[in-house]
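# Remarks on the overall topology
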Amino acid sequence: MPADDRILAFHDDMTAWRRDIHAHPELGFEETRTSDLVAQKLEEFGVEVTRGVGKTGLVGRLRAGNSPRTIGLRADMDCLPILEANGFAHRSQHAGKMHACGHDGHTTMLLGAAKYLAATKNFDGTVHFIFQPAEEGLGGAQAMLDDGLFDRFPCDVIFGMHNRPGLAVGKFQIRPGPMMAGGGSFTITVTGVGAHGARPEAGVDPIVVGSQIASALQTIVSRNVRPVDTAVVSVTQFHAGHAFNVIPEKAVLGGTVRCFSEGVMSLIETNMRRIAESVAAGFGAKAELDFRALFPPLVNHDEPTQFIADCAIEVVGADNVNRNGPVTMASEDYAAMLKAVPGAYIQIGNGDGEGACEVHNPGYDFNDGALPFGASLFARLVEKRLERLAG
Ligand SMILES: [Zn+2]
Ligand SMILES: [Zn+2]
């Protein structure tokens, strides 16, 4: 059986919800229409709703039986600041905003599971449906944690999933331990002395200094990080100057850092600060580093990882579940929740043909064919984890 029949029965409804959310994308912490829609559906299904957890986030609570066991299921709701290039009927109605990461699909799959579970209640315990705002770099997971998410809605274990373009619909992949990188961003402001472009001896050129810094930063990964650890340091911005004949006073560099442990992240920050400041000093300039660690690495806990893989096998069969999936240098905000409570994060196939368009691309769309698989897996997790005991 490819997905639960009772969930397949409302596949068309889920497709309609998904396309409605896709057409009305909202950026992080602005998900008012989306969270209204989610709250209204949950209440319609008979799920108790608490709004305003992490600003625009919300939590649905569904209880059956009297077991104290609890489980949390999490989806994200925000879109990206991208101008959608698609021409289909459900394309974004808001220029410059787009569901280009499939969070419309994630929200819908969790709503589908809630609808099924509220109707069948074939479990014993409490389910918390966690709808997170602002996954795309604005710290929505942390905002929910700061609002006491797991104190107010205790969860023994939590699960989340993200679509993966390039992986066929009906397939899942996961790995225990580190699966996605931790991420940070940085800004280096180099201050020299402005001068006439024809009289460099009168100034200290921040463009030359900034170039040396960008070059020297490349040695962090090659010379400071242990060869067995994985890290990326990319300078992605370099802004300076406005005129052909003026040596500017300042140059500003920016970029991103990715790695798999907090130790490596702080080693990178330390070396970056020393290199920027001392290279600048060597030229008589000044450099100031602003380093922002945004996401911790996403680390799957062993037992929940095996558990969700077992559940996925029950939904789609052993041939369609890869327990040793790839590591990615992308980051995920849900990692902050996994630091607070044991759990796992699985990838669900978005399609390998047309569905292979990468996330964060203006031509991307969530594949509605994946909806019943994701909803069935969420539902299976609850029924197996909170299994009703005989007698
Ligand atoms: Zn994304
Ligand atoms: Zn995403």
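### Brief notes about the coordination of the zinc ion (ligand 2)
The zinc ion (ligand 2) binds to the protein through C101 (SG), H103 (NE2) and H162 (NE2); the donor distances cover 2.1 to 2.3 Å. Sequence positions of the residues that donate to the zinc ion (ligand 2) give the spacing C-x1-H-x58-H. Separating the zinc ion (ligand 2) from the zinc ion (ligand 1) is a gap of 3.1 Å, bridged by C101, which donates to each. Of this pair, C101 sits in the loop between β3 (70-76) and α4 (103-120) while H162 sits in strand β5 (residues 158-164), and the two are 61 residues apart along the sequence. By relative accessible area, which is 7% here, C101 ends up buried.

### Brief notes about the nonpolar core
By size, the foremost hydrophobic cluster in this structure holds 87 residues, and its most contacted members are L42, L73, F129, F131, L149 and L381. Aside from chain neighbours lying at most four places away, what touches L42 is V47, V49, L58, G60, L111, A114 and F131.

### Details of the sheet that holds strand β13 (residues 286-295)
Across the sheet, which stays open at both edges, the 4 strands sit in the order β10-β12-β8-β13 with antiparallel pairing between neighbours. Edge strands, defined here as strands with exactly one partner in the open sheet, are β10 (231-240) and β13. This sheet shows a mean twist of 15 degrees between the axes of neighbouring strands, independent of strand direction. On top of the sheet, helix α7 (residues 206-224) reaches β8 (182-191), β10, β12 (250-259) and β13; it is set at about 175 degrees to β10, its chief contact. Together, β8, β10, β12 and β13 form the strand contacts of helix α8 (residues 262-282), whose direction differs from that of β13 by roughly 165 degrees.

### Thoughts on the side chain of D78
Relative to the helices and strands, D78 is located in the loop between β3 and α4. Buried and without a salt bridge, D78 has R74 as its closest oppositely charged side chain, separated by 6.9 Å. Polar contacts involving the side chain of D78 include one to the main-chain amide nitrogen of E135, which spans 2.9 Å.

### Some words on the side chain of H162
Using a relative accessible area of 11% as the deciding quantity, one classes H162 as buried. Once residues within four sequence positions are removed from consideration, H162 is found in contact with C101, H103, H106, E332, Y345, I346, Q347, I348 and V359.

### Section: the layout of surface pockets
The space that makes up the largest pocket amounts to roughly 530 Å³. E136, R258, A330, S331 and H360 are the residues nearest the centre of the largest pocket, which is lined by 27 residues in total. Those elements that provide at least two residues to the lining of the largest pocket are β5, β8, β12, β13 and β16 (343-349). Looking at the lining of the largest pocket, its residues break down into 10 nonpolar, 12 polar and 5 charged.

### Some details on unusual backbone geometry
A positive phi angle, close to 55 degrees, is found at K55, a residue other than glycine. By the element assignment, K55 lies in the loop between β1 (48-51) and β2 (58-64). The class for K55 is exposed, based on a relative accessible area of 59%. Positive phi outside glycine occurs at A134, with the angle close to 50 degrees. On the secondary structure map, A134 appears in the loop between β4 (125-132) and α5 (140-146).

### Describing the pairing of β1
Looking at chain direction, β1 and β2 are connected through 4 bridges and run antiparallel. Bridge pairing links V49 to G60 in β2.

Rules and cut-offs
- Residues numbered from 1 in each chain as written.
- Chains lettered and ligands numbered in written order.
- Predicted model: local features only at pLDDT ≥ 70, side-chain atom pairs only at ≥ 80, totals over all residues.
- Heavy atoms only, no water.
- Donors = N, O, S within 2.8 Å, 3.2 Å for Na, K, Ca; no water.
- Helix = DSSP H or I, 4+ residues; strand = E, 2+ residues; numbered from the N terminus.
- Buried < 20%, exposed > 50% of the residue type's maximum accessible area, 1.4 Å probe, protein only.
- Core = buried A, V, L, I, M, F, W, Y, C linked by side-chain atoms within 4.5 Å.
- Contact = heavy atoms within 4.5 Å.
- Pairing = 2+ DSSP bridges.
- Axes fitted to C-alpha atoms, helices over the stretch in contact; angles between N-to-C directions.
- Lys, Arg positive; Asp, Glu negative; His and termini not counted.
- Salt bridge = Lys/Arg side-chain N within 4 Å of Asp/Glu carboxyl O.
- Polar contact = N/O pair within 3.5 Å; in protein donor to acceptor, adjacent residues only side chain to side chain.
- 1 Å grid on protein atoms, 1.4 Å probe; cavity = no way out; pocket = protein on both sides within 12 Å on 5 of 7 lines; lining within 4 Å.
- Points joined across faces, edges and corners; volume = space filled by probe spheres on them.
- Nonpolar A, V, L, I, M, F, W, Y, C, P; charged D, E, K, R; others polar.

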